[in-house]
Amino acid sequence: MPDAIPGSPFLTLPGAVEQADAVDHGVPSHYGSPNIEQRLIASGKAIVDLSNRGIVTVTGPDRLSWLNSITSQELRSLSAGTSTETLFLDQSGRIEHAVKLLDDGTTTWLVTEADDAEPLHAWLDRMRFMLRVEVAIATGQYAVIGAAAGLAVEAAAPNGMPLVWHDPWSEVAVGGHQYATGEHPGAAWTWTETIVAREQLESLVQQVRAGTFSAAGSLAAEALRIAAWRPRLQSEVDERSIPHELDWLRSAVHLNKGCYRGQETVAKVHNLGHPPRRLVMLLLDGSDAVLPPAGSNVVLVGDDTTRKPVGRITSSAIHHELGPVALAIVKRSADPAAVLTVEADGIDVAASQEIVVPADAGATANVPRLPRLGAVRR
């Protein structure tokens, strides 16, 4: 078992608050003003403590070909320093793990959610068989710092290459596919995550105190992520999630690579079928000053006041420009033009949809349907 991760020194900064209901635990949720902190992140002036993230390393000459064979991304020719992400799927194509991946020429670094490092490590360790790979948890020795591109902190470089991961969400990756249409807010998403030695966190805190740069909380980073339509394992994924529902083919799936677990479902849904659910961003009515938490029901209220459940909130935040926003997973059959209602603390919150995954996503092969045997043509 890995050693317990020590508490973050960022929690000693003036104004640092860790909210009990925040999705990220063990790091500051905010420092008093999440809206100002969002602007600081967006302008490249603030870092975000993500030291609660899990880090798994894979070493050995077979590491990339092995990971390529068991995940959704093409990794065999991944060059040192190139940032990517990949998904671990089950046999039915459902998402089990999602990792941010960077190789330094000697070690492949996998960054995942705080609670996912140990399950991921255990699964990878079982899958090694006779291959020349070694898997380890490095969360006790290294930590993650988030920022917008352009704000540089000193990265760890145990093998000579600085470990800075640039989020590929800003464009459609080679071999990927985007279901969202029109202008995509992800194009302006310039997020980076830097792996630092854990003992370096105290030095970063001192730099914040000295005014070298500012610190922003996890709530500010979450609001910007939601506005970029960027899915996250901790929030948007449940036991039924497949990549298509979250538009994750955009950056984490290579559609033309060889076989891997779950590939049949990925190919069938993309070429012949439709994802049963779809991701939307909701612009929420803020008149009642209620921000629906994750898990809140999304319903369609009929003219006769009947309520039809269509989905649930996965993430929500107050954005510094858009106001209250949320990501939600809704049924494919939900009317894309309808104003939905979110049930929160006994209050109905009106929500207009920004379509991330259209209702007609999938079926890209455009195979004509054969007439049913015995059917009479008219």
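Residues numbered from 1 in each chain as written. Predicted model: local features only at pLDDT ≥ 70, side-chain atom pairs only at ≥ 80, totals over all residues. Heavy atoms only, no water.

J.: How should unusual backbone geometry be read in this particular structure?
T.: For residues other than glycine, phi is negative in most cases, and the peptide bonds are mostly trans. The backbone of Phe129 sits at a positive phi, close to 50 degrees, despite the residue not being glycine. Phi at Trp229 takes a positive value of approximately 60 degrees, unusual for a residue other than glycine. Along the chain, the position of Trp229 falls in the loop between α5 (218-227) and α6 (233-236). (Helix = DSSP H or I, 4+ residues; strand = E, 2+ residues; numbered from the N terminus.)

J.: Looking at this model, I keep getting lost on the sheet that holds strand β10 (residues 214-216). Mind explaining?
T.: Strand pairing in a sheet is mediated by backbone hydrogen bonds. Such pairs are either parallel or antiparallel. Read from one edge of the open sheet, five strands run β8-β9-β7-β1-β10, paired in mixed fashion. The two strands at the open ends of the sheet, each matched to only one other strand, are β8 (164-166) and β10. Sheet twist, expressed as the mean angle between neighbouring strand axes with direction ignored, is 30 degrees. When strand β7 (residues 142-148) meets strand β9 (residues 191-197), the two strands line up antiparallel, connected through seven bridges. (Pairing = 2+ DSSP bridges. Axes fitted to C-alpha atoms, helices over the stretch in contact; angles between N-to-C directions.)

J.: Which parts of the structure should I look at to understand the sheet that holds strand β6 (residues 134-137)?
T.: As summarised here, the arrangement of the five strands in space is β3-β4-β5-β2-β6, forming an open sheet in which the pairing is antiparallel. On the outer flanks of this sheet lie β3 (83-89) and β6, each paired with one strand and no other. Averaged over all pairs of adjacent strands, the angle between their axes in this sheet comes to 30 degrees, without regard to strand direction. Against the sheet, helix α3 (residues 117-126) makes contact with β2 (54-59), β3, β4 (95-103), β5 (107-112) and β6, and its axis sits at roughly 165 degrees relative to β6, the strand it touches most. (Contact = heavy atoms within 4.5 Å.)

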